[in-house]
Amino acid sequence: MPFDALNETSALAYTDEVRAKTDHLYALVEAKIPRIEWEAIAPVIARINDLKRQKNAIILAHNYMTPEIFACVGDFRGDSLALAREAARTEADLIVQAGVHFMAETSKILAPGKTVLIPSMEAGCSLASSITGADVRLLKERYPGVPVVTYVNTTAEVKAETDICCTSSNAVQVCEHAAREAGTDTVICIPDQFLARNVAAMTDLKIVTWAGACEVHERFTAEDIREIKEGHPGVQILAHPECPPEVLAEADFAGSTGAMNAYVRDKQPRNVVLITECSMSDNVALENPGVDFVRPCNLCPHMKRITLEGILNSLENGVHEVTVDPVIAARAREAVERMIALPDPAVPARFDGRTGRDVISVETR
Ligand code: 13P
Ligand code: SF4
């Protein structure tokens, strides 16, 4: 067991009290979690939920969390944008981020007076580690006067160098807004070259990007999608915009994790495949029992560092606190708040490659 709390087996046994506190939660995940496994994790879930009440804490759970976290201890669930909005308005004293480090930093930036904890400091992101604040300063020197739109999947230091942030649910809207505000037809959209390419295909803007990529989504290929279609005639293909454009070209719909979730909920396709991280399908499937899910997917090793035991450790021991230098946080906050101030896209962005345009440059240091 990774820490003392779990060694107190008597406190974490599957008692009648635990059963009474968790039976309604088991109903949410029983299609995915066998009873025998549930009896081992239900005491941890009950303890986490008790501690949340005692400490006035909330858990912000990203769509890529495993179902026992997502459905049974998450207070707010969603994509990056939805979780950032929740961090900005919560009245809780303590936020536990069930997601990766950049998400916890975003919460701290938006809620500087709250304590923000992340269960594992190792929960990084290949996009966030692809670029530094110095890199952004270099780009600003190369393209003076061009507004910088930064994906939220970046460090606070990078956000601090940015005009406005975006997520995959509003990237097109934010890039167009940034260009309008600056009176230009060119935008620097970093660090995800695939998200930038997918945005470029939907606008008339000239887009400069960075050679970053999501290690999970860059691995999907157009060939993968064609094989799925051949093997499962009629299947609906939903892809995340961090995938290469040729993957999106084969998809029926492309949008953020939140937009994919809404698509399945509203359209109830008979057969669907979500071209994204694996836990997403598990969570959406539990909420849509009438839909069949085809399951090729890639695991995000960073998201998978967040476990129930780690969340309990966070709540028991106040670890690991995420802090952001106040000067950097103040500058980063402006960029995130400019994004939050924009209205939620009425219809979640659908990346449909309308113009067929590509980015004008993929920069490196
Ligand atoms: P969403 O904003 O779509 O939730 O994406 C976050 C992420 O990390 C996807 O890989
Ligand atoms: Fe980062 Fe990709 Fe993992 Fe999302 S799925 S956290 S973008 S590495």
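Residues numbered from 1 in each chain as written. Chains lettered and ligands numbered in written order. Predicted model: local features only at pLDDT ≥ 70, side-chain atom pairs only at ≥ 80, totals over all residues. Heavy atoms only, no water.

The protein chain is annotated in an unreviewed UniProt entry as Quinolinate synthase of Parvularcula dongshanensis. The record in UniProt for the protein chain states the following under Pathway (unreviewed entry): "Cofactor biosynthesis; NAD(+) biosynthesis; quinolinate from iminoaspartate: step 1/1." According to the UniProt record, the Catalytic activity (unreviewed entry) comment for the protein chain is "iminosuccinate + dihydroxyacetone phosphate = quinolinate + phosphate + 2 H2O + H(+)". (UniProt positions renumbered as here; feature names shortened; annotations may be inferred.)

Draft legend 1. Representation of the nonpolar core. With 113 residues, the main nonpolar core has Trp38, Ile48, Leu274, Ile275 and Ile311 as its most contacted residues. Looking at this core element by element, the count peaks at eight residues for helix 3 (residues 35-55). (Core = buried A, V, L, I, M, F, W, Y, C linked by side-chain atoms within 4.5 Å. Buried < 20%, exposed > 50% of the residue type's maximum accessible area, 1.4 Å probe, protein only. Helix = DSSP H or I, 4+ residues; strand = E, 2+ residues; numbered from the N terminus.)

Draft legend 2. Seen up close, the sheet that holds strand 12 (residues 292-294). What the four strands build is an open sheet, ordered 10-9-11-12; its pairing is parallel. Each edge of the open sheet is held by one strand with a lone partner, namely strand 10 (253-254) and strand 12. Looking at chain direction, strand 9 (residues 236-239) and strand 10 are connected through two bridges and run parallel. By the bridge assignment for strand 10, Leu238 is matched with Phe253. (Pairing = 2+ DSSP bridges.)

Draft legend 3. A look at helix 9 (residues 171-182). For helix 9, spanning 12 residues, the distance from its first C-alpha to its last is 16 Å, which sits close to the expected 16 Å at 1.5 Å a residue. Those residues of helix 9 that fall on the buried side of the exposure criterion are Ala171, Val172, Val174, Cys175, His177, Ala178 and Ala179. Of the surrounding secondary structure, the elements contacted by the buried residues of helix 9 are strand 5 (148-151), strand 6 (164-166), strand 7 (186-190) and helix 10 (193-200). Taken from the residues just after helix 9, Gly183 is the one with a positive phi, measuring 65°. (Expected span 1.5 Å × (residues − 1). Contact = heavy atoms within 4.5 Å.)

Draft legend 4. Structural view of the state of the cysteines. What the rule picks out here adds up to one disulfide. Disulfide pairing is shown between Cys278 and Cys297; the S-S distance is 2.2 Å. Looking along the S-S bond of the Cys278-Cys297 disulfide, the torsion reads about 100°, which is the right-handed sense. Taken together, the residues span a long stretch of sequence, with Cys278 in helix 14 (residues 278-287) and Cys297 in the loop between strand 12 and helix 15 (308-317) at a distance of 19 residues. For Cys278, a relative accessible area of 15% puts it in the buried group. (Disulfide = S-S within 2.5 Å.)

Draft legend 5. Layout of the site of ligand 1. Close contacts around ligand 1 come from His62, Tyr64, Asp79, Ser80, Asn153, Ser168, His217, His240, Glu242, Ser256 and Thr257, and that covers them all. Between Ser80 and ligand 1, the recorded distance is 2.9 Å, taken from a side-chain N or O atom to an oxygen atom. At 2.7 Å, a side-chain N or O of Thr257 approaches an oxygen atom of ligand 1. Protein coverage of the free-state accessible area of ligand 1, which is 300 Å², stands at 96%. Among the residues making up the shell around ligand 1, the classes are represented as one nonpolar, eight polar and two charged. (Near = heavy atom within 4 Å. Polar contact = N/O pair within 3.5 Å; in protein donor to acceptor, adjacent residues only side chain to side chain. Areas by Shrake-Rupley, 256 points an atom, 1.4 Å probe, with all protein chains shown as cover. Nonpolar A, V, L, I, M, F, W, Y, C, P; charged D, E, K, R; others polar.)

Draft legend 6. Summary view of the site of ligand 2. Taken together, Tyr64, Val100, Cys125, Ser126, Leu127, Asn153, Cys214, Val216, Glu242, Cys300, His302 and Met303 are the residues near ligand 2. Structurally, the shell around ligand 2 is a two-domain feature, drawing no fewer than three residues from each of domain 1 (3-124 + 302-317) and domain 2 (128-216 + 325-362). (Domains from an automatic or database assignment.)

Draft legend 7. Region of the structure containing the pairing of strand 11 (residues 271-275). For strand 11, a buried count of four out of five residues is recorded, marking the element as mostly surrounded by other parts of the structure. Direction of pairing for strand 9 relative to strand 11: parallel, over a ladder of four bridges. Note on strand 11: the bridge partner recorded for Leu238 is Leu274. Between the parallel elements strand 11 and strand 12, the chain passes through helix 14 in a crossover that is right-handed. (Right-handed = clockwise from strand over helix to strand, strands pointing away.)

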